[in-house]
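# Close look at the chain arrangement
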Amino acid sequence: MAETVLRKSTSFYDVYERKPGAIKYQTHYCPGCGHGVLHKLIAEALDDLGIRDRTILISPVGCSVFAYYYFRCGNIQVAHGRAPAVATGIKRALPHSIVISYQGDGDLAAIGGNNILHAANRGERITVFFVNNAIYGMTGGQMAPTTLLGQKTTTTPFGRRAELEGPPLRVCELLASLEAPVYIERVALTTPKNIAKARKAVRKALSVQMQDLGFSLVEVLSACPSGWKMTPVDSIRWIDEVMTRYFPLGVFRDKTAEAQPMPLPRIRYDLESLAEKLELPTDERPGPALAPPKPEPRFADPRIKIAGFGGQGILLLGLALAEAGMEAGYQVSWLPSYGPEMRGGTANCHVILSSRRIGSPLVSRPSVLIAMNRPSLDRFEPEVEGGGLVMYDSSLIDRPVMRKDVEALAVPATAMADELGNTRAANMVMLGAYVAHTGVVGREHVVQILPKVIKRKQLIELNERAIAKGWEYALTLQSAVAT
């Protein structure tokens with residue numbers, strides 16, 4: 001006898017540990033947003049089709065950029081509009097994988113318009129889920145290529161006008177004019193009947209890829225109550241009564257009955273001559289041999305989060321640390337993170353130095369936090385694992401570390417950089433203090449990589465002095481504690 005089971009899809013994480021902040025059980029989406037519904041339809045399809053373990057979901061810039069918080073499958077974040085290009089590379093390198101490009105209208109139809117057009121024209125064996133909410137939702141409600149005529153946005157306060165901004169772009173109709181695509185459909189997340197059709201379309205698009213038939217795309221008309229300045233109920237009504245007049249629902253291409261599987265041709269490369277063909281330099285002179293670092297066990301293989309305001313050189317600090325780690329013989333990763341400006345996110349990056357291969361560059365539970373401003377300390381201090389290290393710029397942060405189960409190290413980095421004549425060197429002061437305190441890499445490793453990461457060569461000497469100042473400060477503190 002059939003049994004009804006109500007539970008969360010296994011293609012979602014039970015707890016969203018990757019999501020920053022204390023709330024780990026709900027998504028970051030606004031009330032009434034359609035992303036959560038589409039996520040659910042996709043996750044259920046991955047479960048039922050048995051393809052989760054070989055699925056790679058690609059999420060570029062947009063409200064869904066944090067899809068990796070939720071989906072228990074392979075995840076890749078990519079630059080704005082480039083998801084179809086990355087999906088192409090992934091699918092060709094891993095033909096057995098199921099590759100999903102999950103994109104919004106600003107991303108797919110504006111900056112990525114060229115990418116999606118050519119991926120569809122090539123008939124790439126990928127599946128695209130295209131969320132059309134007629135606006136740039138994440139970055140402030142600007143006009144998107146799909147904004148309707150007369151629709152007011154932050155960049156069209158008098159409404160979109162065809163004579164100035166052109167008419168809205170119909171992506172399904174445009175791609176359906178190409179020869180290669182196999183399946184293209186537009187659905188809407190409004191009534192239960194329409195959501196049921198969307199569920200069916202999601203599964204069919206994925207099955208096209210499973211059968212190796214070619215390119216498939218599902219456009220999803222989705223509500224954005226925050227961007228539209230409507231209630232969720234009015235947003236659903238607006239889709240059905242207004243959006244669907246210009247973006248009619250339905251199937252625009254379905255060649256699944258006659259399409260034949262198109263396995264990718266196997267291409268072999270001569271790896272020995274690859275460097276020559278790519279004109280890669282092979283005569284780089286190694287730097288002087290440096291002694292390998294020997295940090296205390298508690299500081300070994302750190303997982304580091306570095307955060308602060310834009311302009312403080314947060315990403316450069318992380319990049320320099322990763323380069324120094326590579327010089328010291330570690331496996332390293334450096335992952336910059338650009339928060340949604342609309343919601344006041346801070347600039348941060350994730351750095352891992354490891355004696356083993358790194359499975360993921362994401363640092364959700366850092367063993368080290370370097371906070372260069374108060375909002376960063378407030379936000380990320382709770383994430384640090386017990387026994388970890390929290391370093392903060394005490395010139396700018398007016399409170400101590402509140403946790404009692406972590407080591408706190410206050411460094412007046414900005415004040416020390418001011419003494420050197422350049423506030424922007426505070427990041428290097430902090431870097432010098434970190435490597436001196438932990439011994440995770442040597443000071444000489446850091447100094448050696450500066451020419452690689454400092455573009456303006458006249459600033460290298462300043463940065464060396466900043467590193468030295470932070471280094472000496474940390475050692476002085478250690479000596480004071482020891483005595």
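Coordinates for the structure precede this section.
The notes below deal with the structure included here.

### With respect to the sheet that holds strand 3 (residues 98-104)
- If you walk across this open sheet you meet the 7 strands as 2-1-3-4-6-5-7, and the pairing is mixed. For this open sheet the edge positions go to strand 2 (74-77) and strand 7 (250-254), each flanked by a neighbour on one side alone. Averaged over all adjacent pairs, the angle separating strand axes in this sheet is 15 degrees, with direction ignored.
- Taken together, the 4 bridges between strand 1 (residues 55-59) and strand 2 define a ladder with parallel strand orientation. Looking at the pairing, Ile-58 lines up with Ile-76 of strand 2.

### A short note on the packing of aromatic side chains
- Within this structure, the stated rule accounts for 9 aromatic pairs.
- Between Tyr-29 and Tyr-70 the ring centres are 6.2 Å apart and the planes differ by 45 degrees, which places this aromatic pair in the tilted class. Here Tyr-29, found in the segment before helix 1 (35-49), pairs with Tyr-70, found in the loop between strand 1 and strand 2; they are 41 residues apart in sequence, far enough to count as distant. Note on accessibility: Tyr-29 and Tyr-70 belong to one class, buried.
- Every member of this aromatic cluster is reached through a ring pair, and the members are Tyr-16, Tyr-29, Phe-66, Tyr-68, Tyr-69 and Tyr-70.
- The ring of Tyr-246 has Arg-170 sitting right over it, with the charged end atom 3.6 Å from the ring centre.

### With respect to the side chain of Gln-103
- On the secondary structure map, Gln-103 appears in strand 3.
- Excluding anything up to four places from it in sequence, Gln-103 contacts Pro-60, Gly-81, Ala-83, Pro-84, Leu-108, Ile-116, Val-128, Phe-129, Phe-130 and Val-131.

### What about a nonpolar patch on the surface?
- On the surface, Ile-267, Tyr-269, Leu-271, Leu-274, Leu-278 and Leu-280 cluster together into a nonpolar patch covering about 670 Å² of accessible area.
- As for its position among the elements, Leu-278 is in the loop between helix 10 (274-277) and strand 8 (303-308).

### Looking at the sheet that holds strand 10 (residues 347-354)
- Sheet architecture is open: 6 strands sit in the order 9-10-8-11-12-13, paired in mixed fashion. Of all strands in the sheet, those with a lone pairing partner are strand 9 (331-337) and strand 13 (407-411), marking the two edges. Within this sheet the neighbouring strands show an average axis-to-axis angle of 15 degrees, counted without direction.
- One ladder, built from 6 bridges, connects strand 8 with strand 10; its direction is antiparallel. Across the sheet, the residue bridging to Arg-303 is Ile-352, located in strand 10.
- Helix 14 (residues 426-438) contacts strand 8, strand 11 (368-371), strand 12 (389-393) and strand 13 of the sheet and is inclined by roughly 150 degrees relative to strand 12.

Thresholds applied
Residues numbered from 1 in each chain as written. Predicted model: local features only at pLDDT ≥ 70, side-chain atom pairs only at ≥ 80, totals over all residues. Heavy atoms only, no water. Pairing = 2+ DSSP bridges. Helix = DSSP H or I, 4+ residues; strand = E, 2+ residues; numbered from the N terminus. Axes fitted to C-alpha atoms, helices over the stretch in contact; angles between N-to-C directions. Phe/Tyr/Trp six-rings, centres within 6.5 Å; stacked < 30°, edge-to-face > 60°. Buried < 20%, exposed > 50% of the residue type's maximum accessible area, 1.4 Å probe, protein only. Lys NZ or Arg CZ within 6 Å of the ring centre and 35° of its normal. Contact = heavy atoms within 4.5 Å. Patch = residues over 30% accessible without salt bridge, like charges linked within 9 Å, V, L, I, M, F, W, Y side chains within 5 Å. Areas by Shrake-Rupley, 256 points an atom, 1.4 Å probe, with all protein chains shown as cover. Salt bridge = Lys/Arg side-chain N within 4 Å of Asp/Glu carboxyl O.

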